[in-house]
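In case you want the letters, here they are:
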Amino acid sequence: ERPTFKCLYWVLKSCATRGDQIGVDTAMDLMASHNITQTQWDVDLYNAVIECNSFHADDQVQHSLRLLDELLQNGLTPNVHTFNALLAHHRSAVNDEVINVDFMFHVLDQLELYNLTPSQQTFATVLEFCAKHKRKEMAQPM
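Computed from a prediction, not measured in an experiment: that's the story for all the values here. (Residues numbered from 1 in each chain as written. Predicted model: local features only at pLDDT ≥ 70, side-chain atom pairs only at ≥ 80, totals over all residues. Heavy atoms only, no water.)

Q: Is there a simple way to explain the packing of helix α6 (residues 101–113) against helix α7 (residues 120–132) in this structure?
A: Across the interface, α6 lies against α7 with an axial gap of 11 Å and an inter-helix angle of 165 degrees. On the basis of the axis angle, α6 is roughly antiparallel to α7. With respect to the hand of their crossing, α6 and α7 are arranged in left-handed fashion. Residues Val101, Met104, Leu108 and Leu111 of α6 lie in contact with α7, whose contacting residues are Thr122, Thr125, Val126 and Phe129. Looking at the contact of α6 with α7, its residues break down into six nonpolar, two polar and no charged. (Axes fitted to C-alpha atoms, helices over the stretch in contact; angles between N-to-C directions. Helix = DSSP H or I, 4+ residues; strand = E, 2+ residues; numbered from the N terminus. Parallel < 35°, antiparallel > 145°, perpendicular 65-115°, else oblique. Left-handed = near helix turned anticlockwise from the far one by under 90°. Contact = heavy atoms within 4.5 Å. Nonpolar A, V, L, I, M, F, W, Y, C, P; charged D, E, K, R; others polar.)

Here it is in C-alpha cells:
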C-alpha cells in the first residue's frame, strides 16, 4: 500500500526535529519507490524537507532554495513555516558567506511579499541569528 502524504510528512518532520539526514534519505527513497514525484508534494512535505536540510545548512541551503522555487512552480503557496524552515538554516551554518544578513533579509522580504505574518518562531530565529552574529541593530526594527 502507498504511504499517504501525511505519513511521509510525519516521517520527514520527525527527521527534521532530530536532524536525521539518513531518515530523510530513507523517506525520499520511499517516495521514489512508490512513484511519488515532487509535483505531487504538498506545502507541508516541502517544508519538512527544507527543515531537514537546515541541519546541514552550508551543504543544503541551495537545495532548499531550489525546493522553494519548485514549490512555487508547482502552483503551491508557501506559508510562514516554509520561511521559518529557511531561516533555521543559520543554526548549523559554519560558513558566514552562505547564511549571512543578506540571506536572512531576503527570506524575511519573501515572507512580506506573500503577506504572511511572522510567527513567534520567526522572531525567535531572527533574534537568535542577531545574537549569534552580534547584530543588535538588526533586531531593533522588530
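Q: When you look at α7 in this model, what are you seeing that I'm missing?
A: Since the α-helix packs 3.6 residues into each turn, any two residues three or four apart lie on the same face. End to end, α7 covers 18 Å across 13 residues, agreeing with the expected 18 Å (1.5 Å per residue, within 8%). Where α7 is concerned, the buried positions are Thr122, Thr125, Val126, Phe129 and Cys130. Across the axial projection of α7, the buried residues extend over an arc of 140 degrees, all falling on one side. Opposite its buried face, α7 presents the exposed residues Gln120 and Ala131, each directed more than 90 degrees away. One or two steps after α7, the chain reaches Lys134, where phi turns positive at roughly 50 degrees. (Expected span 1.5 Å × (residues − 1). Buried < 20%, exposed > 50% of the residue type's maximum accessible area, 1.4 Å probe, protein only. Arc of directions from axis to C-beta.)

Q: Could you clarify how one ought to interpret the packing of helix α5 (residues 80–87) against α7 in this entry?
A: The relative placement of two packed helices is expressed as an angle between their axes plus a distance between the axes. It is the contact of α5 with α7, at a shortest axis distance of 10 Å, that shows an interaxial angle of 15 degrees. Between α5 and α7, the crossing angle belongs to the class labelled roughly parallel. When you trace α5 past α7, the crossing you get is left-handed. On the side of α5, the interface is formed by Val80, Asn84 and Leu87, while α7 contributes Gln121, Thr122, Thr125 and Val126.

Q: Would you take a moment to explain unusual backbone geometry for this structure?
A: Residues apart from glycine generally show negative phi values, whereas peptide bonds are mostly found in trans. Even without glycine at this site, Asn115 takes up a positive phi of about 55 degrees. Within the secondary structure layout, Asn115 lies in the loop between α6 and α7. Of the residues examined, Asn115 reaches a relative accessible area of 69% and is grouped as exposed.

Q: So what exactly am I meant to see when it comes to the environment of His63 here?
A: Secondary-structure assignment places His63 in helix α4 (residues 57–73). A C-alpha to C-alpha distance of 7.9 Å links His63 and Asn53, two positions 10 residues apart in sequence. Residues within four places of His63 in sequence aside, it is in contact with Val49 and Asn53.

Q: Please explain the side chain of Ser64 as it appears in this structure.
A: The residue Ser64 is located in helix α4 in this model. For Ser64, a relative accessible area of 0% gives the class buried. Residues within four places of Ser64 in sequence aside, it is in contact with Ile50, Asn53, Leu86 and His89.

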